[in-house]
Amino acid sequence: MENINSMVIAIGASIGGTEAILEIIKDLPKSTPGVVVAQHMPAIFTEMYAQRLDKQCIMNVREAKNNDRVEQGNVLIAPGGYQMKLHLDKDGYYVTCEEGERISGHCPSVDVLFDSVAQVAGKNSIGIILTGMGSDGATGLLKMRERGSFTIGQDKNSCIVYGMPMVAFDRGSVVIQLPLDKISSCLISHLNI
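Computed from a predicted model, the values in this text were never measured in an experiment.

## Some thoughts on the nonpolar core
- Grouped together as the largest cluster of nonpolar side chains are 32 residues, with contacts concentrated most on Ile 11, Ile 21, Ile 25, Leu 53, Ile 126, Ile 128 and Leu 130.
- Contributing elements (two or more residues each) for this core: β1 (8-13), α1 (17-25), β2 (34-39), α2 (43-56), β4 (74-77), β7 (125-129), β8 (150-154) and α6 (180-191).
- Excluding anything up to four places from it in sequence, Leu 53 contacts Ile 21, Leu 22, Ile 25, Val 61 and Ile 77.
- Counting 27 residues, the second largest nonpolar core, distinct from the first, contains Ala 10, Phe 114, Val 117 and Ile 129.

If you want it as structure tokens, here you go:
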């Protein structure tokens, strides 16, 4: 496995995603690589959501700010109304959060985040697509997989809405499809943390 500090985990979700994300990240140890999350949610709610997760998770969770570093043991939630992208410099990964057009119908868009992860992190990334309506994230996750990323899709039976993961699976974006309660343990074993 790659150096843990060179890894990044990207998660995208919509309807039903707030609880699904909590289920995956709540017990992940502080040794987990940095996590970036795009959850479809209006602007005023993302900060409160991040604060709620922070109280319930071992990792530190906060709403992302422009130029925040992506660091081991930390989770960054894309702010509502902003497009979040991953970047890389000599010190590692960081995110930009910019007001922008809706992409795939959303801001934040999972496709925007996943596209940037594919370009910047490639095989040093893990992509997870969770419950949600529509197709946001399917194209970006495919780009991640094509760049060597390990990609996980939530299975039909554990989704509130089997839309985004279904489209991703049908397009060949998903390496492995799992029930929600198995994704966290899959991450831990894949990363060897």
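So that's the structure; there's more coming.
## Thoughts on the pairing of β1
- Taking burial as the measure, the 6 residues of β1 include 6 buried ones, the bulk of the element.
- Here β1 shows no split at all, with Val 8, Ala 10 and Gly 12 on one side and Ile 9, Ile 11 and Ala 13 on the other all buried.
- With 6 bridges connecting them, β1 and β2 associate as parallel partners. Bridging across to β2, Ala 10 finds its partner in Val 36.

## Here we look at the pattern of salt bridges
- This structure, assessed with the given rule, holds 8 salt bridges.
- Linking Lys 65 and Glu 63 is a salt bridge whose minimum nitrogen-to-oxygen distance equals 3.8 Å.
- With relative accessibility at 46%, the residue Lys 65 sits in the partly exposed group.
- By relative accessible area, Glu 63 is classed as buried at 13%.
- Residues Arg 69 and Asp 89 are paired through a salt bridge, measuring 2.7 Å at the closest nitrogen-oxygen approach. Placement of the pair is Arg 69 in the loop between β3 (60-63) and β4 and Asp 89 in strand β5 (residues 82-89), with a sequence separation of 20 residues.
- The class for Arg 69 is partly exposed, based on a relative accessible area of 26%.
- The class for Asp 89 is partly exposed, based on a relative accessible area of 32%.

## Comments concerning α2
- Taken together, the buried positions of α2 are occupied by Thr 46, Tyr 49, Ala 50 and Leu 53. Buried residues along α2 cover an arc of 100° about the axis, so they all sit on one side. Of the residues in α2, the exposed ones pointing more than 90 degrees away from the buried face are Ile 44 and Lys 55.

## Quick word on the sheet that holds β2
- Strand order in this open sheet of 7 strands is β3-β4-β2-β1-β7-β8-β9, and the pairing throughout is parallel. The outermost strands of the open sheet, each flanked by one partner alone, are β3 and β9 (176-178). Within the sheet, the average angular offset between the axes of one strand and its neighbour, ignoring direction, is 20°.
- On top of the sheet, α2 reaches β3 and β4; it is set at about 170° to β3, its chief contact.
- Docked against the sheet, α6 engages β1, β7, β8 and β9, running at close to 170° with respect to β8.

## A word on the packing of α1 against α2
- Across the interface, α1 lies against α2 with an axial gap of 11 Å and an inter-helix angle of 30°. One finds that α1 runs roughly parallel with respect to α2. Judged by the sense of rotation from one axis to the other, the crossing of α1 with α2 is right-handed. Taking contact as the criterion, the partners of Gly 17, Thr 18, Glu 19, Ile 21, Leu 22 and Ile 25 in α1 are, on α2, Tyr 49, Arg 52, Leu 53 and Gln 56.
- Considering only residue class, the contact of α1 with α2 consists of 5 nonpolar, 3 polar and 2 charged.

Criteria and thresholds
Residues numbered from 1 in each chain as written. Predicted model: local features only at pLDDT ≥ 70, side-chain atom pairs only at ≥ 80, totals over all residues. Heavy atoms only, no water. Core = buried A, V, L, I, M, F, W, Y, C linked by side-chain atoms within 4.5 Å. Buried < 20%, exposed > 50% of the residue type's maximum accessible area, 1.4 Å probe, protein only. Helix = DSSP H or I, 4+ residues; strand = E, 2+ residues; numbered from the N terminus. Contact = heavy atoms within 4.5 Å. Pairing = 2+ DSSP bridges. Salt bridge = Lys/Arg side-chain N within 4 Å of Asp/Glu carboxyl O. Arc of directions from axis to C-beta. Axes fitted to C-alpha atoms, helices over the stretch in contact; angles between N-to-C directions. Parallel < 35°, antiparallel > 145°, perpendicular 65-115°, else oblique. Left-handed = near helix turned anticlockwise from the far one by under 90°. Nonpolar A, V, L, I, M, F, W, Y, C, P; charged D, E, K, R; others polar.

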